[in-house]
Amino acid sequence: MLFNSLEFLIFFPVVATLYFLLPQRARVPHLLVASCIFYMAFVPAYILILAVTIVVDYAAGLWIRRLQGRARRWVLIASIVLTCLVLASFKYLQFILDNAVLAAGWFGWRLSGPSIDILLPVGLSFHTFQSLAYVIEVYRGRHPPERDFLVYATYVMFFPQLVAGPIERPQNLLPQFRAHHVYEHARVASGLRRMAWGFFKKLVIADRLALYVNDVYADPQAHSGPQLALATVFFAFQIYCDFSGYSDIAIGSARVLGFRLMENFDRPYASRSIAEFWTRWHISLSHWFRDYVYIPLGGNRGGAWRHARNLMLTFALSGLWHGAAWTYVAWGVLNGAYLVAGQVLRRARMPPPPPALAVALTFALTCLAWIPFRAASMEDAWHILTHLHTGWGAVLDPTALRALLTTEQFLLRQLPVALAALVLLEGVQAWHARRPLGALLVRQPLARRWSVYAATALGCLLLGVHRDAQFIYFQF
């Protein structure tokens with residue numbers, strides 16, 4: 001079930017209303033049933049896959065607590081292997097077979113691999129990582145194993161963050177299922193405001209920019225350097241508004257029910273370095289890789305070369321987590337190389353650039369990294385990277401400039417809406433960074449508050465692109 005669908009606009013008020021009407025003992029089963037319905041709206045049979053990972057990791061948590069010595073470690077390893085095997089079977093099997101055939105060709109062996117047409121279960125990578133976080137935290141003694149199977153299953157399947165995060169830790173989310181959440185008007189209103197802002201980001205900005213981005217990236221060879229550059233910048237804001245918009249809706253809907261989910265974004269394009277960017281972008285995933293991959297590899301211990309190796313391995317794995325394609329690996333490796341270069345510059349005591357220039361350089365490097373992430377193939381990514389400099393003389397000709405900005409699916413009249421929405425986005429975020437807008441808004445007179453609410457709703461209805469477009473990160 002998509003957040004940006006009519007079904008969800010009916011589903012969520014019903015679920016929230018019943019949640020507050022039900023007695024405490026019935027609330028967890030209610031959320032579990034609601035989460036099952038939410039997930040089964042995509043492909044009903046795939047809930048069985050989710051059930052397998054839930055049973056495996058629930059049992060592993062109990063066994064780890066009972067066992068001692070090496071037996072605990074073997075249970076942990078078995079749980080990780082089985083959970084990752086489910087993920088690999090659906091997400092990486094075809095990728096592995098294709099590359100095995102390609103590698104065999106380098107040695108002169110002629111092999112042909114089968115074509116496996118399996119639909120990837122939505123959000124599989126997200127709830128896999130949330131399950132793994134639980135087992136690892138239990139093994140490390142940072143959280144006791146959950147004995148109530150229904151509570152654990154709801155922790156993994158909690159519908160607001162089931163398919164695209166934030167990836168929660170058991171310490172934060174599990175205890176909240178036992179808390180008694182009462183209806184509080186201020187909290188519910190705050191959650192609804194957060195959801196509305198997420199819908200605005202998704203419908204008005206992300207899906208509108210997608211019209212131009214999809215057209216250009218579908219056939220990059222047919223477009224000039226300015227068009228490729230504009231589509232890349234638009235994609236940077238598209239993916240941010242799409243993913244942070246999802247996170248806003250997830251956090252807001254959980255807040256309505258009384259749950260606190262971690263923040264997943266913090267104005268990432270205001271970062272002054274790539275290292276800072278990764279403390280602001282997809283925070284829950286960055287923390288997951290930091291705690292469960294980067295630090296176990298050795299982190300920044302062991303000298304410059306080992307530190308560089310650990311960064312590169314972590315980001316290569318992060319790229320592979322996003323998708324079974326070399327384009328995603330290239331994106332991860334490029335970000336890892338940025339961080340290694342930053343470490344080299346810091347060790348050389350290079351003076352940092354002025355803040356405004358640092359933000360601009362970081363954004364430019366981030367956009368370059370988004371190219372392989374968005375491109376359909378490495379060939380397309382290479383073409384875009386090597387043709388960004390071409391055709392810029394046309395921007396001085398008004399007629400040619402209009403042609404550059406107009407494509408079959410992105411009419412010229414849509415460009416002002418997209419740009420105005422981006423200006424509003426940056427203005428709201430800059431203001432909120434200094435003074436939380438929610439607290440400011442609740443102090444306004446009733447008429448003024450409802451004018452803002454009505455304007456946001458009308459903006460989504462009248463200016464949004466309504467085509468039930470999936471969120472980008474659903475595919476991961």
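All of these numbers come straight from a predicted model, not from anything done at the bench.

A few points about the overall build of the protein
- Within the protein, the secondary structure is distributed over 20 helices and zero strands.
- Here the protein, with 476 residues, has 50% of them falling under the buried criterion.
- Considering only intrachain contacts with a sequence separation of at least 6, the fraction spanning at least 24 residues in the protein is 76%.
- Accessible area of the protein: about 22,600 Å², with a carbon and sulfur share of 68%.
- Each charge class in the protein can be summarised by its mean position, and for the 41 positive and 24 negative side chains these summaries are 12 Å apart.

Some thoughts on the nonpolar core
- With 131 residues, the main nonpolar core has Phe 8, Tyr 269, Trp 281 and Tyr 473 as its most contacted residues.
- Here the element with the most residues in this core is helix H10 (residues 225-257); it accounts for 18 residues.
- The residues contacting Tyr 269, other than those within four sequence positions of it, are Ala 236, Phe 237, Ile 239, Tyr 240, Phe 277, Trp 281, Val 359, Phe 363, Thr 366 and Trp 370.

Some remarks on helix H2 (residues 24-40)
- The terminal C-alpha atoms of H2, which comprises 17 residues, lie 25 Å apart, in line with the 24 Å expected from a rise of 1.5 Å per residue.
- The complete set of buried residues in H2 reads Arg 27, Val 28, His 30, Leu 31, Leu 32, Ala 34, Ser 35, Cys 36, Phe 38 and Tyr 39.
- Here the buried face of H2 lies against helix H1 (6-21), helix H3 (47-66), helix H6 (124-139), helix H7 (149-157) and H10.

Some details on the side chain of Gln 238
- Along the chain, the position of Gln 238 falls in helix H10.
- Overall, the relative accessible area of 7% leaves Gln 238 in the buried class.
- Contacts of Gln 238, omitting those with residues within four sequence positions, involve Ala 206, Leu 209, Ala 210, Val 213 and Ile 472.

What about a nonpolar patch on the surface?
- On the surface, a cluster of nonpolar side chains totalling about 620 Å² of accessible area is made up of Leu 6, Leu 9, Ile 10, Val 14, Leu 18 and Leu 21.
- Residue placement: Val 14 occurs in helix H1.
- Relative accessible area serves as the criterion here: at 43%, Val 14 is assigned to the partly exposed category.

Overview of the state of the cysteines
- Following the criterion strictly, the structure yields zero disulfides and no others.
- Free cysteine Cys 460: the closest other cysteine sulfur is in Cys 241, separated by 12 Å.
- Judged by its relative accessible area of 9%, Cys 460 is buried.

Examining the packing of aromatic side chains
- Taken as a whole and judged by the stated rule, the model has 56 aromatic pairs.
- Taking 5.3 Å as the distance between ring centres and 80 degrees as the angle between the ring planes, the aromatic pair formed by Phe 11 and Phe 159 counts as edge-to-face. Of this pair, Phe 11 sits in helix H1 while Phe 159 sits in the loop between H7 and helix H8 (170-173), and the two are 148 residues apart along the sequence.
- Aromatic pair Phe 177 and Phe 259: ring centres 5.1 Å apart, planes at 50 degrees, arrangement tilted. On the criterion of sequence distance, the pair formed by Phe 177 in the loop between H8 and helix H9 (185-218) and Phe 259 in the loop between H10 and helix H11 (274-277) is long-range, its members being 82 residues apart.
- On the accessibility criterion, Phe 259 (2% relative accessible area) is buried.
- A cation sits over an aromatic face here: Arg 27 above Tyr 19, 4.7 Å from the ring centre.
- We note Lys 91 situated over the ring of Trp 321; from NZ or CZ to the ring centre the distance is 5.4 Å.

Here's the deal with the packing of helix H4 (residues 70-91) against H6
- Relative to each other, H4 and H6 sit at 175 degrees, their axes nearing to 10 Å. When the axes of H4 and H6 are compared, the pair comes out roughly antiparallel. Note on element contacts: H6 touches H4 through Leu 124, Ser 125, Thr 128, Leu 132, Val 135, Ile 136, Val 138 and Tyr 139, opposite Arg 72, Arg 73, Leu 76, Ser 79, Ile 80, Thr 83, Cys 84, Val 86, Leu 87, Phe 90 and Lys 91.
- Along the lines of polarity and charge, the residues of the contact of H4 with H6 split into twelve nonpolar, four polar and three charged.

Focus on the pattern of salt bridges
- Applying the stated criterion across every chain yields a total of eleven salt bridges.
- The closest approach of N and O atoms between Arg 280 and Glu 276, which form a salt bridge, is 2.9 Å.
- Glu 276 sits in the partly exposed class, given a relative accessible area of 23%.
- Salt bridges linked by common partners bring Arg 194, Lys 201, Asp 248 and Glu 263 together as one network.

Notes on the environment of Leu 458
- Position of Leu 458 relative to the elements: it lies in helix H20 (residues 446-463).
- Accessibility expressed as a relative area gives 46% for Leu 458, which makes it partly exposed.
- Separated by 258 residues in sequence, Leu 458 and Phe 200 place their C-alpha atoms 9.9 Å apart.

Thoughts on unusual backbone geometry
- With a phi close to 45 degrees, Arg 267 is a non-glycine residue in the positive phi region.
- Mapped onto the elements, Arg 267 comes out in the loop between H10 and H11.
- Exposure remark for Arg 267: the relative accessible area of 26% places this residue in the partly exposed category.
- Phi at His 282 is positive, roughly 40 degrees, even though this residue is not glycine.
- Relative to the assigned elements, His 282 resides in the loop between H11 and helix H12 (283-297).
- Under the relative-accessibility criterion, His 282 is labelled buried at 1%.

Basis of the calculations
Residues numbered from 1 in each chain as written. Predicted model: local features only at pLDDT ≥ 70, side-chain atom pairs only at ≥ 80, totals over all residues. Heavy atoms only, no water. Helix = DSSP H or I, 4+ residues; strand = E, 2+ residues; numbered from the N terminus. Buried < 20%, exposed > 50% of the residue type's maximum accessible area, 1.4 Å probe, protein only. Contact = heavy atoms within 4.5 Å. Areas by Shrake-Rupley, 256 points an atom, 1.4 Å probe, with all protein chains shown as cover. Lys, Arg positive; Asp, Glu negative; His and termini not counted. Charge placed at Lys NZ, Arg CZ, Asp CG, Glu CD. Core = buried A, V, L, I, M, F, W, Y, C linked by side-chain atoms within 4.5 Å. Expected span 1.5 Å × (residues − 1). Patch = residues over 30% accessible without salt bridge, like charges linked within 9 Å, V, L, I, M, F, W, Y side chains within 5 Å. Salt bridge = Lys/Arg side-chain N within 4 Å of Asp/Glu carboxyl O. Disulfide = S-S within 2.5 Å. Phe/Tyr/Trp six-rings, centres within 6.5 Å; stacked < 30°, edge-to-face > 60°. Lys NZ or Arg CZ within 6 Å of the ring centre and 35° of its normal. Axes fitted to C-alpha atoms, helices over the stretch in contact; angles between N-to-C directions. Parallel < 35°, antiparallel > 145°, perpendicular 65-115°, else oblique. Nonpolar A, V, L, I, M, F, W, Y, C, P; charged D, E, K, R; others polar.

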